[in-house]
Amino acid sequence: MANPLKVALIQNCAESDMAPSIAALEPLIRAAAKDQAQFILLPEMAAMLEPNSEQVLAKAKSEAEDPALKSFRALARETGTWILVGSLLFKEPGKGRVINRSLLVDPTGAITARYDKLHLFAVDVGDGEFYKESATV
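First, a word on what this report is: a plain description of the structure on this page. (Residues numbered from 1 in each chain as written. Predicted model: local features only at pLDDT ≥ 70, side-chain atom pairs only at ≥ 80, totals over all residues. Heavy atoms only, no water.)

## Brief notes about the overall build of the chain
Next up, step 1: When you go through the chain residue by residue, the secondary structure sums to 3 helices and 7 strands.
Next up, step 2: What you see for the chain is a C-alpha radius of gyration of 16 Å, in line with the 14 Å of a compact globule of 137 residues.
Next up, step 3: With the principal axes as the frame, the chain shows a C-alpha extent of 50 × 35 × 25 Å.
Next up, step 4: Out of the 137 residues belonging to the chain, those deemed buried represent 38%.
Next up, step 5: Once local pairs closer than 6 in sequence are excluded, the contacts in the chain between residues at least 24 apart make up 60%.
Next up, step 6: Between the mean site of the 15 positive side-chain charges and the mean site of the 18 negative ones, the chain shows a separation of 6 Å. (Helix = DSSP H or I, 4+ residues; strand = E, 2+ residues; numbered from the N terminus. Rg over C-alpha atoms; globule rule 2.2 N^0.38 Å. Buried < 20%, exposed > 50% of the residue type's maximum accessible area, 1.4 Å probe, protein only. Contact = heavy atoms within 4.5 Å. Lys, Arg positive; Asp, Glu negative; His and termini not counted. Charge placed at Lys NZ, Arg CZ, Asp CG, Glu CD.)

## Here we look at the pairing of strand β4 (residues 98-105)
Next up, step 1: For β4, a buried count of 7 out of 8 residues is recorded, marking the element as mostly surrounded by other parts of the structure.
Next up, step 2: Between strand β3 (residues 82-91) and β4, which pair antiparallel in sequence order, lie 6 residues; one of them, Gly94, sits at a positive phi of approximately 75°.
Next up, step 3: Sheet topology places β4 next to strand β5 (residues 111-116); 5 bridges connect them, and they run antiparallel. Residue Leu104 lies in a different strand from β5, and its bridge partner there is Ala113.
Next up, step 4: Linkage of β4 to β5, two consecutive antiparallel strands, is achieved through a turn of 5 residues, within which Gly109 is found at a positive phi near 90°. (Pairing = 2+ DSSP bridges.)

## Points about the nonpolar core
Next up, step 1: Within the largest apolar cluster, 32 residues are counted, with the highest numbers of intra-cluster contacts made by Ile29, Ile40, Leu42, Phe72, Ile83 and Leu88.
Next up, step 2: Those elements that provide at least two residues to this core are α1 (18-34), β2 (39-42), α3 (67-79), β3 and β4.
Next up, step 3: A per-element tally of this core places α1 first, with 6 residues.
Next up, step 4: Beyond its immediate chain neighbours, meaning those up to four positions away, Phe72 contacts Leu25, Ile29, Leu42, Ile83, Val85, Leu88 and Val105. (Core = buried A, V, L, I, M, F, W, Y, C linked by side-chain atoms within 4.5 Å.)

## Considerations on the packing of α1 against α3
Next up, step 1: Contact geometry for α1 and α3: axes closest at 10 Å, N-to-C directions at 15°. By the criterion of interaxial angle, the relationship of α1 to α3 is roughly parallel. In the packing of α1 onto α3, the handedness of the crossing is right-handed. On the side of α1, the interface is formed by Met18, Ile22, Leu25, Glu26, Ile29, Arg30 and Ala33, while α3 contributes Pro67, Ala68, Ser71, Phe72, Leu75, Glu78 and Thr79. (Axes fitted to C-alpha atoms, helices over the stretch in contact; angles between N-to-C directions. Parallel < 35°, antiparallel > 145°, perpendicular 65-115°, else oblique. Left-handed = near helix turned anticlockwise from the far one by under 90°.)

Read these as layout, nothing more, since geometry by itself doesn't imply function.
Take a look at the structure:
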């Protein structure tokens, strides 16, 4: 291989609040970079997995105000790595919905690409738990 690329895949179990999820991801990103990863991939809903739709709307921030995105951009700069954020939930301006958005952050912390999830799910997991993503996304 002329130009090998080391990739790190990080899987976390996001909390219903962002702060503990961010706190759990930060050392994992730093460890991946320390292991020479150049491209670090995070999962969908990396920073918040809130089952209550009303709480999702209350907790979500705009892209510019989101603490997880601020952290991941700073970590990309700090570590000199590319970070693909599987997705974060952002408030959609002027609407009672959120956007499930994936972002690619370059080593300078700049957002170089965005993708808004289009195909949404609905699932009945039993015991009265039912998730309908399109109710809020």
